[in-house]
Structure formats: structure tokens, C-alpha cells
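Descriptive structure summary
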Amino acid sequence: MSNDLVLRVIGRLLIPFILLFALYVQFHGDFGPGGGFQAGVIIAAGLIFFALTHGVDTARKVVPDWLVETMLASGVLIYAGVGLAGLLFGGNYLDYFVLDHNPVHGQHRGIFWVEVGVATTVSGVMLKIYYMFASRSGSED
Amino acid sequence: MAIAVFTLILTRNLFSVIVLSGIYSFLMATILVALDAVDVAMTEASVGAGISTVLLLGALHLCKSEEAKHAHKPWLPLAVSLSTGALLVYGAFGLPTFGDPAAPIHQNVVPRYMQNETEVPNVVTAVLASFRGYDTLGETTVVFTAGAGLIALLRRRKKTEPEGMQRKDDA
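Residues numbered from 1 in each chain as written. Chains lettered and ligands numbered in written order. Predicted model: local features only at pLDDT ≥ 70, side-chain atom pairs only at ≥ 80, totals over all residues. Heavy atoms only, no water.

Observations concerning the overall build of chain A
Per the secondary structure count, chain A includes 5 helices and 0 strands. When the helices and strands of chain A are read in sequence order from the N terminus, they spell out α-α-α-α-α. Over its C-alpha atoms, taken along the principal directions, chain A stretches across nearly 55 × 30 × 20 Å. Residues classed as buried in chain A amount to 52% of the 141 residues present. Put simply, of all contacts in chain A between residues at least 6 apart along the chain, 63% involve residues at least 24 apart. (Helix = DSSP H or I, 4+ residues; strand = E, 2+ residues; numbered from the N terminus. Buried < 20%, exposed > 50% of the residue type's maximum accessible area, 1.4 Å probe, protein only. Contact = heavy atoms within 4.5 Å.)

Structural notes on the packing of aromatic side chains
Residue and element names in this part refer to chain A. Tallied over the full model, the rule gives 3 aromatic pairs over all chains. For the pair F27 and F112, a centre-to-centre distance of 5.4 Å together with 25 degrees between the ring planes defines the contact as stacked. Taken together, the residues span a long stretch of sequence, with F27 in helix α1 (residues 5-27) and F112 in helix α5 (residues 103-137) at a distance of 85 residues. Look at F112 and you get partly exposed, because its relative accessible area is 32%. In textbook terms, an aromatic cluster arises when at least three aromatic residues are bridged by ring pairs, as seen for F27, F112 and W113. Residue placement shows R60 over the ring face of Y131; its charged tip is 4.9 Å from the ring centre. (Phe/Tyr/Trp six-rings, centres within 6.5 Å; stacked < 30°, edge-to-face > 60°. Lys NZ or Arg CZ within 6 Å of the ring centre and 35° of its normal.)

With respect to the side chain of A:Q26
Residues and elements named next belong to chain A. Inspection of the secondary structure puts Q26 in helix α1. Taking the relative accessible area as the measure of exposure, Q26 reaches 8% and is therefore buried. Among the polar contacts listed, one links the side chain of Q26 to the backbone oxygen of E115, at a separation of 3.4 Å. Not counting chain neighbours up to four residues away, the residues in contact with Q26 comprise G35, G36, A39, E115, V116 and A119. (Polar contact = N/O pair within 3.5 Å; in protein donor to acceptor, adjacent residues only side chain to side chain.)

Section: the interface of chain A and chain B
Much of the literature gives interface size as the accessible area that the parts lose upon coming together. Contacts between the two partners involve 46 residues from chain A, matched on the other side by 43 residues from chain B. Summing both partners gives a buried area of about 3,900 Å² for chain A against chain B, and 75% of it is carried by carbon and sulfur. Counting across the chain A and chain B interface gives 0 salt bridges. The set of elements that each furnish at least two residues to the side of chain A that touches chain B consists of α1, α2 (36-54), α4 (65-88) and α5 of chain A. A total of 18 residues in the side of chain A that touches chain B trace back to one element, the largest contributor, which is α5(A). Here the side of chain A that touches chain B is composed, by residue class, of 31 nonpolar, 9 polar and 6 charged. (Buried area = accessible area lost by both parts, 1.4 Å probe. Salt bridge = Lys/Arg side-chain N within 4 Å of Asp/Glu carboxyl O. Nonpolar A, V, L, I, M, F, W, Y, C, P; charged D, E, K, R; others polar.)

A look at the packing of α2(A) against helix α3 (residues 38-60) of chain B
It is at 10 Å that the axes of α2(A) and α3(B) come closest, and there the two elements cross at 30 degrees. Between α2(A) and α3(B), the interaxial angle falls into the category roughly parallel. Regarding α2(A) and α3(B), the two cross each other, and that crossing is left-handed. For the pair α2(A) and α3(B), the contacting residues are A:F37, A:Q38, A:V41, A:I42, A:A44, A:A45, A:I48 and A:L52 in the first and B:D39, B:M42, B:T43, B:S46, B:V47, B:I51 and B:V54 in the second. (Axes fitted to C-alpha atoms, helices over the stretch in contact; angles between N-to-C directions. Parallel < 35°, antiparallel > 145°, perpendicular 65-115°, else oblique. Left-handed = near helix turned anticlockwise from the far one by under 90°.)

With respect to the environment of B:I23
Topologically, B:I23 is positioned in helix α2 (residues 14-34). The exposure class of B:I23 is partly exposed, given its relative accessible area of 40%.

Following this line, the structure appears as C-alpha cells:
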């Protein structure tokens, strides 16, 4: 399947839009439907599409394993770090009101970083699972 | 949707089963959109129909594509699942009608969520990330743990021969 020219060209055309849509879902999650989990899955889906059309080895060059594994852990750390930041600014754990002078802005900031953490972990896990499966099957299906 | 489910039960070719469950997920997503749960619909469409279909196809690549014949007749599991389903349907008759403002779920904590002191326009995001931040932190940790466990399981066996059957339910 990785040698199919039509799929490759269509994939190259579509993947930027998939990733852009993921970013939209991520950063517009406060106002419309969406959020970190959905955005993470869409990012992973875009990259898996790339891996399907161009082969897992090419995808591994674009998004190497160490990066995926770092994403896996750093997402949880970002989330927990937001909680600790709340403690540092004198509030409770995961208290966003203290993150800014204006409590509402603090909420927005807290939710933003929490969603970034969720998206990072989710896309990392999804990609890692796919890499694992694909490398076990031995071919680039 | 019912057609998809019954074909799903009767088909023995695992490839068509995977494709059918993808179709089922998309139909489920449209139902969730009709129920105004757009966030859940998005998750269902991307995870249920997208990622898990790809992962199941990857798992299918590792094993045989025909489901094995059952060694014995599955009457007991069938009876258990049918009676559980009947109980659930019976319980569903006791639920308040859809969208009823006097339903118990709208009486306790929801009014405070709806006042929304975070002033984030999407209430789902506000509840997930702010009111219930601890829950979501736990969920993120669960996802991380799943990934870490998968790495621990699969990396060690790189040199041995692939035994892909038992990995299917992780997708």
C-alpha cells in the first residue's frame, strides 16, 4: 500500500489540513467542541495516515521513537506541573484561579496548559501503539 | 445500525468484522451528534472509527483472518448477555424522560457548573479541565500507564517470534 502513488499524493495534500484541524480543535476547545483528547487523537491519526501511505520507517524518521516516548511522559508532567504551579502561586493543587491576576484569565491559562498536556500524552500513546504494532507485523501495511 | 450489529455477529471473516465495527462507530457518532454531545461524538469518530480500526487491522495482520469455530455451544454466555440486556432495558424505563429539567441529575451539582465561574464558553471543557481537573489528571495518567505498559510488554519480545493474538483487546 505504501507504493500507491494516488494515496501518497492525496495523503500529502490532506495531512497538513488534518494537523491544522487538530490544532484548531486543541486551541478552540474553550469555545467550541473539542479539547486535548480529541486533538491528540486527530494528530495521531494524521501521523498514522502518513505512516500508512509512506511506510513506518519514513514516519519513524519524521517522528522518531525518542520523541514519541518523551511526549508520552511529558504530557502527564505538564498536567501535574500546572497543579504544582497552582500551589506555588498560593492556591490549592490544580487551582487555576491564582494563575493570573484576573481569576478568569487564570482559568483560561490553566485549562490551556492542561489541555496541552492531555493532547501530548494521548497523541504520544496512540502513535507509540501504532509503531509497536507495525514493527511487529514486519511489513508496512 | 441494527443491520450493522447483526451482520457483525454473524460474520466470521475478521476483516469485515473490523470494517463493520468502524461503520458502527460512525453511526454511533452520528447518534451522539443528534443528542447534542458533539465532544463525545468527535471522540467516538476519531478513536472508535479511526484509530482502533487501524490498530485492529494491524493486529489482524499478525493472526488468521477467519474466526475459529467454537468448541462448544455458547448457550450460557448468550443467556447471561441476554438477561443483562433485558435488565438494562428494564432499568432504562425507570429513567426520567430525555431533557427533563426536573431530573435528579440536573438538581445537584449541575446548576453550579452552569453558572460557570470559569467563564469558559464550552461547559464540557470547563467541567473536564477545571471543575473535575483531578479526574482528568487521573485519566491522563491512565492513558500514560497504558502506553508505558505496552512498551514494557512489546519491546522485550522483539527478538522472539510474534504472538500477536492476545494483544487484540488492547486496541
